[in-house]
Amino acid sequence: MVAVLEILTRVCALLALALAVRIVVDAWIDVPYSVVLILVGVAISLLRVDVGIRLLTDVIMGLILPVILFNGVIELNRTALRENLAVPLTLVGLGIPLAVVLLGPIIDLVFGLSIGVSLLLAAILVPTEPVAVLSLFEDLDAPERLTVIIDSESLFNDGVAIAIVNVLLALVAEQSGPMSGLEIAERVVTDFLIVGLGGFFLGCILGYGTTRFIRRLPERMAVLLVTVLAAYGSYVLAESVGMSGILATVGAGSFVELEADDGIDRDAFEFVHDIWAGGSFLLSTAVYVLLGVHVPIDTLVGYLPSALLVTVLVLFVRAAVVYVLVAAVNEIVSRPLPRSYQHVLVSGGLHTVVPISLALGLPAWVPHREFIHAVVFGVAIIGTLVQGTLLPSLLRATGIQQRAPGVDRPTARHDGDQS
């Protein structure tokens, strides 16, 4: 009982700190809430305060990410996503592998790592996290089209990047001799088609079945339980058969429709949406603070020049991928994506939750593990500090901001400005 009480005390202290940050951000600071949470966590780490709560990779991947990703997918404006699917689909399907292929050899050339480890580090670094950005978008009433593109890209690229990392990790583990970059690429593509796409399609099947089933359920608690089973069940089933659990959860969420039709209780679906949103918010709040707390300050200081250089390289590769691929997509779609939106796509994605959890989960035998830890944390913190704080100014400079912060507006689920 004493141990449980101690844990509850620490959790309450963490939530009280998050509440204070939320109040300060809402009242005085024009910076994303999640960014401030991470920086507060870094301050706690600098002060050497032991919060008594450890952030484990298995907990993030198996318990936290399924909630955050499933909620993100079911909250997407499906109409806006279908109308703008070309950009996020291209940035995920082509952009993630291209970013890994570009960034990996550069890291190998600059730091002298093996090509396998360099590609592994690149795959860890490339997934973006939109939560901090989207909270600011909501405050500034950013266009629905931009919000949907950034949100959907991140939701899908997390799963793709995780699948690629797992394949590369297995490849590094079994590598008995030197392999060329082409051989590694061929192996990654082959394995990813099975692990990644297999998991996604498995999730899609479960999500479709879930939607069919919940139409027959009598009340909201039953609907809620079925959606929880869909989110976690798809993850567990995919991982059990050697496929990507994260992509399975994303696939399940993509086919779960919580929209009221004739004869279906709208209040029940609104209730389920609100529960998922609340759970995702609470878990995200705790994770952001703990990410900052877990920063290895001493190691990071030692590798700070390397972390700064890699941060620049990550941003450079991100810019190259976004501008080139979006330009190609603009040639074939009826509504080209404005250049101002592309600027936000480049600078708006922070590399935080998924990269850090992947780095923390690396086995002890991985070569240059300490270097990878320091660089990944460095990219996350430097990117958060610079990109996160400058994002409001970027939105104003590009003319994307549609109203001043703090001005209330009516909200509606799954509809909005499609500009």
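Before any of the text, the structure's been laid out above.
Description of the structure in this document. Quick caveat, the model's predicted, so the values are computed rather than measured.

Thoughts on the nonpolar core
Residues L65, L103 and L125 are the most contacted members of the largest nonpolar core, which totals 113 residues. Here this core gets 15 residues from one element, more than from any other, and that element is helix α8 (residues 144-174). Here L125 is in contact with L103, V310, V314, H351, P355, V375, V376 and V379, once residues within four sequence places are set aside. Ranked by size, the runner-up nonpolar core spans 16 residues in total, among them V223, L224, V226 and A230.

Description of the pattern of salt bridges
Tallying each qualifying case throughout the model produces four salt bridges. With a shortest N-O distance of 3.1 Å, E6 and R10 are connected by a salt bridge. Residue E6 and its partner R10 are both found in helix α1 (residues 2-27); the two are separated by four residues, about one turn of the helix. Among the residues examined, R10 registers a relative accessible area of 27% and is labelled partly exposed. Across the pair D298 and R48 runs a salt bridge whose closest N-O atoms are separated by 3.0 Å. Taken together, the residues D298 in helix α13 (residues 297-302) and R48 in the loop between α2 (33-46) and α3 (57-74) connect sequence positions 250 residues apart. R48 matches D298 in its accessibility class, with the two residues each being exposed.

Focus on the packing of aromatic side chains
What the rule picks out here adds up to five aromatic pairs. On the basis of an interplanar angle of 65 degrees and a centroid distance of 5.8 Å, the ring pair of F200 and F201 is categorised as edge-to-face. A relative accessible area of 18% places F200 in the buried class. Note on Y303 and F371: the rings are 5.6 Å apart at their centroids and 80 degrees apart in plane angle, and the pair reads as edge-to-face. Residue Y303 is found in the loop between α13 and α14 (304-330), and its partner F371 is found in helix α17 (residues 369-397); the two are separated by 68 residues along the sequence. The class of Y303 is partly exposed, set by a relative accessible area of 26%. With relative accessibility at 9%, the residue F371 sits in the buried group. Three or more aromatic residues joined by ring pairs make a cluster, and in this case those are F111, Y303 and F371. Its guanidinium or amino end placed over the ring of F271, R220 lies 4.2 Å from that ring's centre, counting from NZ or CZ.

Some thoughts on a nonpolar patch on the surface
There is a patch of nonpolar side chains on the surface, built from I7, V11, L15, F281 and L282 and spanning about 420 Å² of accessible area. Mapped onto the nonpolar patch, the elements with two or more residues apiece are α1 and α12 (266-293). Per element, the largest residue contribution to the nonpolar patch is three residues, and it comes from α1. When you line up the elements, I7 lands in helix α1.

Side note on the side chain of S244
On the secondary structure map, S244 appears in the loop between α10 (220-240) and α11 (245-255). Residue classification places S244 among the buried residues on the basis of a relative accessible area of 5%. The contacts of S244, once residues within four sequence positions are left out, are G159, A163, V195, G196, G199, A238 and E239.

Concerning helix α5 (residues 86-111)
Spanning 26 residues, α5 covers 36 Å between terminal C-alpha atoms, matching the ideal 38 Å at 1.5 Å per step. G95 marks the point of greatest bend in α5, at about 45 degrees, and the proline P97 comes within the next four residues. Residues of α5 that are buried include every one of V87, P88, T90, L91, V92, G95, I96, A99, V100, L103, G104 and I107, and no others. For α5, the elements touching its buried residues are α4 (78-83), α6 (115-125), α8, α14 and α15 (339-348). Positive backbone phi, at 75 degrees, marks G112, one or two positions downstream of α5.

As for the packing of α3 against helix α16 (residues 353-360)
Interaxial distance between α3 and α16 falls to 8 Å at its minimum, and their mutual angle equals 140 degrees. In terms of their interaxial angle, α3 and α16 are classed as oblique. Residues T57, I60, M61 and L65 of α3 pack against V353, V354, S357, L358 and L360 of α16. For the contact of α3 with α16, the residue count by class is seven nonpolar, two polar and no charged.

The rules behind each value
- Residues numbered from 1 in each chain as written.
- Predicted model: local features only at pLDDT ≥ 70, side-chain atom pairs only at ≥ 80, totals over all residues.
- Heavy atoms only, no water.
- Core = buried A, V, L, I, M, F, W, Y, C linked by side-chain atoms within 4.5 Å.
- Buried < 20%, exposed > 50% of the residue type's maximum accessible area, 1.4 Å probe, protein only.
- Helix = DSSP H or I, 4+ residues; strand = E, 2+ residues; numbered from the N terminus.
- Contact = heavy atoms within 4.5 Å.
- Salt bridge = Lys/Arg side-chain N within 4 Å of Asp/Glu carboxyl O.
- Phe/Tyr/Trp six-rings, centres within 6.5 Å; stacked < 30°, edge-to-face > 60°.
- Lys NZ or Arg CZ within 6 Å of the ring centre and 35° of its normal.
- Patch = residues over 30% accessible without salt bridge, like charges linked within 9 Å, V, L, I, M, F, W, Y side chains within 5 Å.
- Areas by Shrake-Rupley, 256 points an atom, 1.4 Å probe, with all protein chains shown as cover.
- Expected span 1.5 Å × (residues − 1).
- Bend = angle between axes of the 7 residues up to and from the residue.
- Axes fitted to C-alpha atoms, helices over the stretch in contact; angles between N-to-C directions.
- Parallel < 35°, antiparallel > 145°, perpendicular 65-115°, else oblique.
- Nonpolar A, V, L, I, M, F, W, Y, C, P; charged D, E, K, R; others polar.

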